[in-house]
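# Structural overview for review
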Amino acid sequence: MTAAGEAGGIRLLIADDQALVRGALGALLDLEPDLTVIGMASDGAEALRLAEELRPDVCLMDIQMPGMDGVEATRRIREASPETRVLVVTTFARPGYLRSALDAGASGFIVKDTPAEQLAEAVRRVHSGLRVLDPVLAADSLFDGANPLSDRERQVLRLAADGRSAAAIAAEVFLSAGTVRNHLSAAIGKTGAGNRAQAVRIALDKGWI
């Protein structure tokens, strides 16, 4: 940790389920004289708890984490600590994730292979109230359009990705097997897929689930 936070610098919370990534991001950013890492979280729930406790200026948020994912964590952090801005830093460069993160209240979305100096500058820009977006993803999101799937369709499609039957999915989400099949059929149609497996693959590729 640097003395930047004590001197009025930008206070950071890092949320990533990979310990090596958390450590690397923290070490890189702590080298900047105006940035200081005050907390690290291994999942969305811990990020929310630390954000409520520490009130960081900026939270660097991964997307795919166990339990509460980065999108839901972003939404809840923005509700619980409105002064905390969220910068999504992820491996999953998918237009659907970009849109979901922005809808949840994120101020920026960049990929993990962003050079260290650009990452630090992105943190500063987000902290100053600006929006920072990966330019390629931003362009792709314009062409891909918004996520066409409903909440229920996303839910059953995520469960179908594990190869579960309609009956197994129905038991987990407290719906009838027929209703689950209807949601799956709708998801297949909206993704332009030929079957359930293709619908899952398309939705994953676009970041819709």
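Everything that follows concerns the structure shown earlier in this document.
Throughout what follows, the structure given in this document is the object of discussion. Every chain begins its residue count from 1, and numbering advances along the sequence as written. The model is predicted, so local features are restricted to residues of pLDDT at least 70 and side-chain atom pairs to those at 80 or more, both for listing and for counting; the totals for chains, interfaces and linings are taken over all residues. In computing side-chain properties, one takes all heavy atoms of the structure into account and sets aside hydrogens as well as water.

Let's shift gears to the sheet that holds strand S2 (residues 35–41). In spatial order, the strands read S2-S1-S3-S4-S5-S6; together these six strands make up an open sheet with parallel pairing. Looking along the sheet, the strands with just one partner apiece sit at the ends: S2 and strand S6 (132–133). Pairing geometry for strand S1 (residues 10–15) and strand S3 (residues 58–61), over four bridges, is parallel. Within S3, the residue paired with Leu13 across the bridge is Cys59. Residue contacts are defined here by distance: any two heavy atoms, one from each residue, within 4.5 Å place the two residues in contact. With axes taken as lines fitted to C-alpha atoms, and helix axes fitted only over the stretch in contact, angles between N-to-C directions fall between 0 and 180 degrees. Going along the chain from the N terminus, every DSSP run of H or I of four or more residues is numbered as a helix, and every run of E of two or more is numbered as a strand. Contacting strand S4 (85–90), strand S5 (108–111) and S6, helix H4 (residues 95–104) runs over the sheet at an angle of about 150° to S5. The sheet contacts of helix H5 (residues 116–127) involve S1, S2, S3, S4, S5 and S6, and relative to S4 the element is tilted by about 155°. Whether two strands pair depends on DSSP finding at least two bridges between them.

Positive phi values are uncommon outside glycine, yet Arg55 reaches one of about 50°. Mapped onto the elements of the fold, Arg55 is located in the loop between helix H2 (44–54) and S3. With a relative accessible area of 35%, Arg55 lands in the partly exposed category. Its identity is not glycine, yet Phe174 carries a phi of approximately 60°, on the positive side. With a 1.4 Å probe rolled over the protein chains alone, any residue whose accessible area is under 20% of its type maximum counts as buried; one over 50% counts as exposed, and the rest are partly exposed.

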